[in-house]
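# Summary of structural features
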Amino acid sequence: MNSTDLDIVAGQTKFGFQHHDQGKTIISEGDVCDHLCFLMKGTLEVTSSAYDHGYSISEFIQAPDILQPEHIFGLNQRYTRTFKTVTPCNMMTLDKSEVMRLTDEFLVFRLNLLNIISTQSQRQQRRLWHTPPQNLKQRIARFFESHCLKPTGPKTVRIKMTRLAEELNDSRLDISNALHEMMEQGLLVLKRGCIEIPDLRLLLP
């Protein structure tokens, strides 16, 4: 945007600004997504859960970022993840009515929003064409990766081995053996009902 456009946006647009202390849940799974929410400063823990809440995966995002912009439109206009502050965070929000006005008045805003949503869609499509896993450890890693926002960084998977075995259509014993081999290689840490992954990128083939 040029300086004139920015002056118009700043003078006519109702932005919301909030500061959240550490350890606060700012968005819960199922909340209505009726605004764009921008992370301007800080780190958030993002938790995604299965439909029956039988397992979940937590990861982190850092500023600058935007929280699930694809859900402000479409069939499901609710957040599908829970966002909790890891550090003190500054947020900026933009109401849906303001989003509609800005996309109507400013081509660059419309293109940026379309680019964000299109990029996410293309990433999901590319996942279907990844090389199939060649062994059980790769299948486990691919299961983790397919449920995460990003294929890098630390992840915390809260799941029982019996449930992981069901998801991967394998035996609990084979799953346990594969996970223990991965732990011996320093790729993850096993705890009761929990798997901690220092860096998911190291698990992927």
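Our subject in this report is the structure included herewith. All figures in this text were calculated on a predicted structure; none of them were measured in a lab.

## Remarks on the sheet that holds strand β5 (residues 56-62)
- With respect to topology, 7 strands assemble into an open sheet ordered β2-β7-β4-β5-β9-β11-β10, the strand pairing being antiparallel. Two strands bound the open sheet, and with one partner strand each, they are β2 (25-27) and β10 (189-191). Averaged over all neighbouring strand pairs, the angle between strand axes comes to 25 degrees, with direction disregarded.
- In terms of strand pairing, β5 meets strand β9 (residues 155-158) through 3 bridges, oriented antiparallel. Paired with Ile57 across the bridge in β9 is Val157.

## Examining the sheet that holds strand β3 (residues 35-41)
- If you walk across this open sheet you meet the 4 strands as β1-β8-β3-β6, and the pairing is antiparallel. In the strand order of this sheet, the two ends are held by β1 (15-20) and β6 (65-66), each with one partner.
- In this structure, β3 lies alongside strand β8 (residues 89-95), joined through 6 bridges in antiparallel fashion. Paired with Leu36 across the bridge in β8 is Leu94.
- Against the sheet, helix α2 (residues 96-105) engages β3 and β8, with an angle of about 70 degrees to β8.

What counts, and where the lines are drawn
- Residues numbered from 1 in each chain as written.
- Predicted model: local features only at pLDDT ≥ 70, side-chain atom pairs only at ≥ 80, totals over all residues.
- Heavy atoms only, no water.
- Pairing = 2+ DSSP bridges.
- Helix = DSSP H or I, 4+ residues; strand = E, 2+ residues; numbered from the N terminus.
- Axes fitted to C-alpha atoms, helices over the stretch in contact; angles between N-to-C directions.
- Contact = heavy atoms within 4.5 Å.

By themselves, these figures tell us nothing about what the structure is for.
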